[in-house]
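Residue-level listing of the chains:
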Protein chains: 2
Amino acid sequence: MKVAILGGDGFCGWPTVLHLSDAGHELHVIDNLSRRWIDTELGVQSLTPMDSIQERCRIWRAETGRVIHFHLLDLAEEFERLKAWLGEHRPDAIVHLAEQRAAPYSMRSDRHKVYTVRNNVNATHNLLAALVETGLDAHLVHLGTMGVYGYSSVGAPIPEGYLDVEIDTPAGKRSQEILYPTRPGSVYHMTKSLDQILFQFYAQNDGLRITDLHQGIVWGTHTEQTARHEQLVNRFDYDGDYGTVLNRFLIQAAIGHPLTVHGTGGQTRAFIHIRDSVRCIELALGDPPASGERVKIFNQMTETHRVRDLAELVARLTGARVAMLPNPRKEAAENDLVVKNDQFLALGLAPTTLEDGLLEEVVEVARRYAHRIDRTRVPALSAWTRDLASKLERDPEGRALRSVS
Amino acid sequence: MKVAILGGDGFCGWPTVLHLSDAGHELHVIDNLSRRWIDTELGVQSLTPMDSIQERCRIWRAETGRVIHFHLLDLAEEFERLKAWLGEHRPDAIVHLAEQRAAPYSMRSDRHKVYTVRNNVNATHNLLAALVETGLDAHLVHLGTMGVYGYSSVGAPIPEGYLDVEIDTPAGKRSQEILYPTRPGSVYHMTKSLDQILFQFYAQNDGLRITDLHQGIVWGTHTEQTARHEQLVNRFDYDGDYGTVLNRFLIQAAIGHPLTVHGTGGQTRAFIHIRDSVRCIELALGDPPASGERVKIFNQMTETHRVRDLAELVARLTGARVAMLPNPRKEAAENDLVVKNDQFLALGLAPTTLEDGLLEEVVEVARRYAHRIDRTRVPALSAWTRDLASKLERDPEGRALRSVS
Ligand SMILES: NC(=O)c1ccc[n+]([C@@H]2O[C@H](COP(=O)([O-])OP(=O)(O)OC[C@H]3O[C@@H](n4cnc5c(N)ncnc54)[C@H](O)[C@@H]3O)[C@@H](O)[C@H]2O)c1
Ligand SMILES: NC(=O)c1ccc[n+]([C@@H]2O[C@H](COP(=O)([O-])OP(=O)(O)OC[C@H]3O[C@@H](n4cnc5c(N)ncnc54)[C@H](O)[C@@H]3O)[C@@H](O)[C@H]2O)c1
């Protein structure tokens, strides 16, 4: 199968590329390398030393004999080149991971909000319009997030994408299936909610075949393929914008900093290991909807945890202590989260749990690369509103330094 | 009150500007004049001879002594200038009409799809981000469309924006209010569905005060103010992209062409006269939500009609005959449409009905300017899908000429 991975240079993308290449597919990476530019903008870098995409592809070829093609292309700003590329290469399947994916980055400033909306909405819509125009019947697998639903809702289990509602009509109550209503909590999450409407329209109007994977927080670094050579290593983000809560706990533990929990730590989130994420994408690719069918939506996660329980788990493995800080995000202090993921379990997913896999991260990643940690980059500093921003301490250039109470 | 009308050079915008100026408010028009450029692109023009915006403002001033300020600015592409303008002028209220608003134009080609999404989503989002950044507490009134709901649904009355649904939770059934689910039927309508999510987020996260008017098809040309001088006349679109179904019937009747009904004519649509549209905007401006309140959503329409009944009404007034053609749109052949508009009726709206006002359009507009009609521009030609496009006859340059069966 010929597969294009849009955003194939990123954290989820690179291991997906290697996994599918290893399985014998023909792989094409499309990426504008914007994420590397954002590293430069923020003055941060991956904990793991990350080679250029060209070098990574060269090493993979040297190790395995398999070719990965790289194409520098901006999905959001180069519609005509995208269309020409699709028309020429005609991939069988497309995995779309090419979006700005950090909620705190999307809330940093007006410029970052505007960039995130432009980049994500135009990338997704350009892709859809180009698929229609080239008449390509490729299966499109997109990575969305369970965060579109917001975490403050009524405690209902998050279903796999749809909800049956009753509507009053002159002829009595009628049942109708709708997209599960969203309540995104950041500009980033909002763009995923917008994506859903784009997908619904193009599946319905043009018969595009689309699967939308609502993913939890991805953790873990190594997959079977990235572990084959030091220079194939995946990226590991730990800064306040791109580092997920778990990565930041790991890094704090490695440098002897207390694990900082924002708010009560009662926020519950869903998690999945990168090895399972990659495997889920492969499973989804093997199970496309038919043309004319509604968008297939899967919840891509394997377990849920409260943030304070995560902190305690890391503390237990490392001996770190836990510190509570005020919350720069506008979100519910505590929430339940019950997620249905029956579809992937039915397709045969056998998850790596945090309980089992976290020690590997502590030892093989956080401690191993601890000398590369930049301590000033660990706190999370984007404030969700002007009110919350005014509660952050600032350095002389106006950059937020850390939360104060 | 200082009011900014974004898109104030357009069909709904211009009479709104004059109406509010006449009522004594300070009026600012912001427009990039893209709609005039689209006239040029399509090689069409308003039936009524339309002066430049600068000349229109000059004449209004000569007639009434009142100043209207015009600012050439692209909302979607000039975020920094927009922010600077808002920060400097600090309007009390903003009416946002600045979007590409024709469904057929949005479906013409991939380029038109991409343009419509970029223009509309970025215009709305830039505005919201700039309001937050400048800390402006202006009331934002946006023009949306009832078309976001699609017209093929279960025949439920269209409520004013929200729906109560029951959700299963571990603690039993819980009721939750959600945005009424959308099913947009064109890329244009889809952008209005995206707008709703942007509004919901910014009202919730930043306390912006927003009213979204879900408007029906606007008909009629003259308002009390545009009628004061020949050169204040409003635009009248009758081409296949921008001309609404009613305008096209009027023009067909004026040139002795049969009234072309696409499909069965069983499509039911909602209508409102431009005089009532302008008055509704004024009523909405006077009734803002509080900060922190959910987005106020009104249905802005006064009556519903089946397309074939409209054709018969025009035929009765003019003696024209009715012809049935195949439908280039992907839509339900027949639909019921019951719309709630209790909120505007409660605020004191007294509508002009089609039955009462249509003769004025026939005599004062269609017949009066009949010599300016370009007959080649009357058919509606954008096809919704590749299948439907292949059923359109084409000229040697590949432009669709007219629907064939
Ligand atoms: N990492 C997670 O925990 C997580 C969780 C849920 C969902 N997701 C989703 O999975 C996808 C991938 O996430 P990730 O963690 O790998 O992010 P990442 O930032 O590491 O990778 C995204 C890649 O897309 C590229 N990109 C961005 N905009 C582009 C454009 N306009 N044109 C071409 N390339 C562009 C970037 O350069 C980067 O290489 C995202 O859509 C994200 O929202 C990730
Ligand atoms: N006319 C109708 O029947 C109708 C029905 C329902 C809703 N609406 C909505 O009402 C609004 C106004 O409709 P209209 O009929 O007056 O349309 P119009 O095309 O006549 O006017 C829109 C105006 O906005 C301007 N504009 C567009 N993009 C802009 C940008 N990026 N920056 C600055 N200016 C920009 C155009 O130049 C034009 O003057 C639209 O949002 C439309 O969707 C109209």
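Quick caveat: nothing in here was measured; it's all calculated off a predicted structure.

### Brief notes about the site of ligand 1
Residues and elements named next belong to chain A.
Here is step 1: In the neighbourhood of ligand 1, 28 residues make up the surrounding shell, with C12, D31, R101, Y188 and K192 lying closest.
Here is step 2: Residue D31 places a side-chain N or O atom 2.6 Å away from an oxygen atom belonging to ligand 1.
Here is step 3: For ligand 1, the protein covers 97% of the area, taking 830 Å² as the surface of the free molecule.
Here is step 4: Of all the secondary-structure elements, those providing two or more residues to the shell around ligand 1 are α2 (34–42), β5 (139–145), α7 (187–206) and β9 (217–219).
Here is step 5: Along the lines of polarity and charge, the residues of the shell around ligand 1 split into 12 nonpolar, 9 polar and 7 charged.

### Focus on the interface of chain B and chain A
Here is step 1: Counting from both sides, the interface comprises 55 residues of chain B and, opposite them, 55 residues of chain A.
Here is step 2: On inspection of chain B and its partner chain A, the count reaches 4 salt bridges.
Here is step 3: Ionic pairing is found between A:E77 and B:R118, a salt bridge with its closest N-O pair at 3.1 Å.
Here is step 4: Our count for the contact surface shared by chain B and chain A stands at 8 residue pairs in polar contact (both at pLDDT 80 or more).
Here is step 5: Residue assignment for the side of chain B that touches chain A shows that the elements contributing at least two residues are α4 (79–89), α6 (110–134), β6 (162–169), β7 (172–179) and α7 (187–206) of chain B.
Here is step 6: Classifying every residue of the side of chain B that touches chain A by side-chain character gives 27 nonpolar, 16 polar and 12 charged.

### Details of the packing of aromatic side chains
Here is step 1: Taken as a whole and assessed by the stated rule, the structure comprises 9 aromatic pairs over all chains.
Here is step 2: Residues A:Y105 and A:Y242 carry aromatic rings whose centres are separated by 5.7 Å and whose planes lie at 45 degrees to one another, so their mutual orientation is tilted. Remark: A:Y242 occurs in the loop between β9 and α8 (245–254) and A:Y105 occurs in helix α5 (residues 103–106); sequence separation between them is 137 residues.
Here is step 3: Note on A:Y242: relative accessible area 2%, which makes it buried.
Here is step 4: Both rings, one in B:F201 and one in B:Y202, keep their centres 5.2 Å apart while their planes meet at 90 degrees; by these two values the pair is edge-to-face.
Here is step 5: An aromatic cluster is present here, built from B:Y105, B:Y115 and B:Y242 joined pairwise through their rings.

### Here's the deal with the packing of helix α1 (residues 13–22) of chain B against helix α3 (residues 53–64) of chain B
Residue and element names in this part refer to chain B.
Here is step 1: Running from amino to carboxyl end, α1 crosses α3 at an angle of 25 degrees, the nearest separation of the two axes being 12 Å. Considering the angle they form, α1 stands roughly parallel to α3. Between α1 and α3 lies a crossing whose hand is right-handed. On α3, the residues that touch W14, L18, S21 and D22 of α1 are I53, R56, C57 and W60.

About the cut-offs
- Residue numbers run consecutively from 1 along every chain, following the written order of its sequence.
- All chains are assigned letters beginning with A, and all ligands numbers beginning with 1, in the order in which they are written.
- Confidence filtering applies because this is a predicted model: local features only for residues at pLDDT of at least 70, side-chain atom pairs given and counted only at 80 or more, and all residues used for totals across whole chains, interfaces and linings.
- Only hydrogens and water are removed before side-chain values are computed, so all heavy atoms of the structure are retained for them.
- Near residues are defined by distance, with any heavy atom within 4 Å of the molecule or strand qualifying the residue.
- Polar contacts here mean pairs of N or O atoms no more than 3.5 Å apart (in protein, one a potential hydrogen donor and the other a potential acceptor; neighbouring residues in sequence count only if both atoms are side-chain atoms).
- Per-residue and other accessible areas were derived by the Shrake-Rupley procedure at a 1.4 Å probe size, with only the shown protein chains allowed to occlude residues.
- The secondary structure listing takes helices from DSSP runs of H or I that are at least 4 residues long and strands from runs of E that are at least 2 residues long, numbered from the N terminus.
- Gly is placed with the polar residues, together with every amino acid not listed as nonpolar (Ala, Val, Leu, Ile, Met, Phe, Trp, Tyr, Cys and Pro) or charged (Asp, Glu, Lys and Arg).
- Should any heavy atoms of two residues lie within 4.5 Å, those residues are considered in contact.
- Just to be clear on terms, a salt bridge is a Lys or Arg side-chain nitrogen sitting within 4 Å of an Asp or Glu carboxyl oxygen.
- Side-chain rings of Phe, Tyr and Trp (the six-membered ring for Trp) are treated as a pair once their centres are within 6.5 Å; stacked means planes under 30 degrees apart, edge-to-face means over 60, and tilted covers the remaining angles.
- Type-normalised accessible area, obtained with a 1.4 Å probe on protein chains alone, sets the label of each residue: buried when under 20%, exposed when over 50%, and partly exposed for intermediate values.
- Whenever a helix is involved, its axis is fitted only over the stretch in contact; in every case the axis is a line through C-alpha atoms, and angles between N-to-C directions fall within 0 to 180 degrees.
- Here the angle decides the label: under 35 degrees means roughly parallel, over 145 means roughly antiparallel, 65 to 115 means roughly perpendicular, and every other value means oblique.
- The hand of a helix crossing depends on one turn: near helix anticlockwise from the far one by less than a right angle means left-handed, and clockwise means right-handed.

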